[in-house]
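Letter by letter, the chains look like this.
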Amino acid sequence: MTKTKVLISGASVAGPALAYFLHRDGYDVTVVERAPALRETGYAVDFRGAAFDVLEEMGIIDEVRGHDTKMRGTTLLDETGAETGRLPAEVFAGELEVPKQILTRILHRLTAADVEYVFDDSISGLSQDDTGVMVEFERATSRRFDLVVGADGVYSKVRQLSFGPHSAAVQHLGMSGAGFTAANHLGLDHSGVLRQTKGTAIYAFSAADRDRLMVSLSFATASPELDRRGRDEQERAVREAFAGHGWETPRLLEAMTAADDFYFASACQVHLGTWSQGRITLIGDAGYCAAPTSGMGTSQALIGARTLARQLAGAAGDHLTAFAAYEAEMRPYIAKNQAKGREGAAMFGG
């Protein structure tokens with residue numbers, strides 16, 4: 001019997017997790033990733049609630065726990081850098097926190113022998129009929145799959161091609177920011193600091209590597225337009241937002257320019273009336289991003305992957321039934337997380 005062929009776009013968390021469950025259930029899985037290799041940027045990720053059940057089912061819970069950042073909490077600072085309070089570790093680190101690149105490596109290693117990974121390529125066209133989906137790639141030859149899953153983030157190419165423009169799905173929460181690592185000149189040890197002013201926030205912490213800081217410089221924005229611009233323009237916007245700020249801000253701005261792991265992103269949510277179109281569906285941030293301020297992105301990715309795979313297995317190949325059941329099961333959970341994301345953005349933005 002011919003195996004059902006599934007293409008997953010995105011090799012961060014949701015994509016490889018889904019690949020694991022689908023391969024286990026007998027599917028022929030391919031993952032395409034536009035980056036030339038596994039991504040090494042990103043903050044630490046945390047796990048909450050049912051995400052632990054997913055890690056346990058995948059057999060990696062102990063390995064993931066072995067990389068716990070063991071954060072001890074965050075000190076709140078005023079504009080001058082004076083301490084005004086403290087937040088417990090759970091606020092940012094959840095019940096368990098690990099560096100994102102560690103989780104990505106674990107998921108890739110878990111699936112690499114059984115799943116076809118295609119790096120340095122991206123989907124450029126999708127055309128489906130009653131029997132499958134013809135997929136065009138930017139580099140590789142076109143191929144036909146039975147199902148296609150977008151796990152390719154807020155600016156999902158799969159969603160753009162099948163559901164409409166980003167502007168119709170992406171909801172901006174009023175803040176954007178740069179992330180990077182820097183020398184730990186603050187002397188933080190498994191702890192963080194959060195300095196907020198009206199319209200800006202600086203969050204810095206040190207965990208896995210005591211010599212390095214993870215830094216986030218966030219500021220109020222009217223749209224996520226900067227996400228699609230070049231680094232020079234993004235840095236310029238950050239500098240303008242923090243111009244004249246005291247404390248350690250000038251030094252952090254210098255470190256931003258020197259960083260080789262700079263990235264920029266806005267706090268956004270993805271809202272869609274449906275997560276599926278025929279043989280094409282979405283998981284994780286591509287379908288229902290709750291924003292980093294929710295603290296639920298990784299948990300949603302893992303739970304969504306397992307739920308979709310379970311519904312496909314239960315529907316015995318009827319993808320329409322499976323997609324509808326997956327969406328019905330996940331939507332109440334997503335709605336709660338997106339509410340948390342909006343609340344978090346309002347609080348974090350000062």
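The notes below deal with the structure included here. None of the values given here were measured: they were computed from a predicted structure.

1. Focus on the overall build of the chain
Along the backbone of the chain there are eleven helices and 18 strands. In terms of overall size, the chain behaves like a compact globule, its C-alpha atoms giving a radius of gyration of 20 Å where 350 residues would be expected to give roughly 20 Å. When the backbone C-alpha atoms are referred to their principal axes, the chain occupies close to 65 × 40 × 35 Å. Relative to all contacts within the chain whose residues are 6 or more apart in sequence, the contacts with residues 24 or more apart total 70%.

2. Regarding the sheet that holds strand S10 (residues 143-145)
On the basis of which strands lie adjacent, the open sheet formed by three strands has the order S8-S9-S10 and antiparallel pairing. Looking along the sheet, the strands with just one partner apiece sit at the ends: strand S8 (123-128) and S10. Neighbouring strand axes in the sheet, compared pairwise and without regard to direction, differ in orientation by 30 degrees on average. As judged from the five bridges shared by S8 and strand S9 (residues 133-137), these two strands associate in the antiparallel manner. Note on S9: the bridge partner recorded for Gln128 is Val133.

3. Structural notes on the pattern of salt bridges
Going through the model one piece at a time under the given rule, you end up with 16 salt bridges. In this structure, Arg48 engages Asp46 in a salt bridge whose closest nitrogen and oxygen atoms are separated by 2.8 Å. In this structure, the salt-bridge partner of Arg231 is Glu235, at a minimum N-O distance of 2.8 Å. Of this pair, Arg231 and Glu235 both sit in helix H7 (residues 231-241), four residues apart, which is roughly one turn of the helix.

The rules behind each value
Note on numbering: residues in each chain are counted from 1, in written sequence order. Owing to the predicted nature of the model, reporting of local features is limited to residues with pLDDT of at least 70; listing and counting of side-chain atom pairs is limited to 80 or more, with chain, interface and lining totals taken over all residues. Only hydrogens and water are removed before side-chain values are computed, so all heavy atoms of the structure are retained for them. In this text, helices come from DSSP runs of H or I with a minimum length of four residues, and strands from runs of E with a minimum of two, each type numbered from the N-terminal end. Computation of the radius of gyration draws on C-alpha atoms, with the globule rule given as 2.2 Å multiplied by the number of residues to the power 0.38. The criterion used for residue contact is that any of the two residues' heavy atoms lie within 4.5 Å. Two strands pair if DSSP finds at least two bridges between them. Only the stretch in contact is used when a helix axis is fitted, and all axes are lines through C-alpha atoms; the angle between N-to-C directions ranges over 0 to 180 degrees. Between Lys or Arg on one side and Asp or Glu on the other, a salt bridge is scored when a side-chain nitrogen of the former is within 4 Å of a carboxyl oxygen of the latter.

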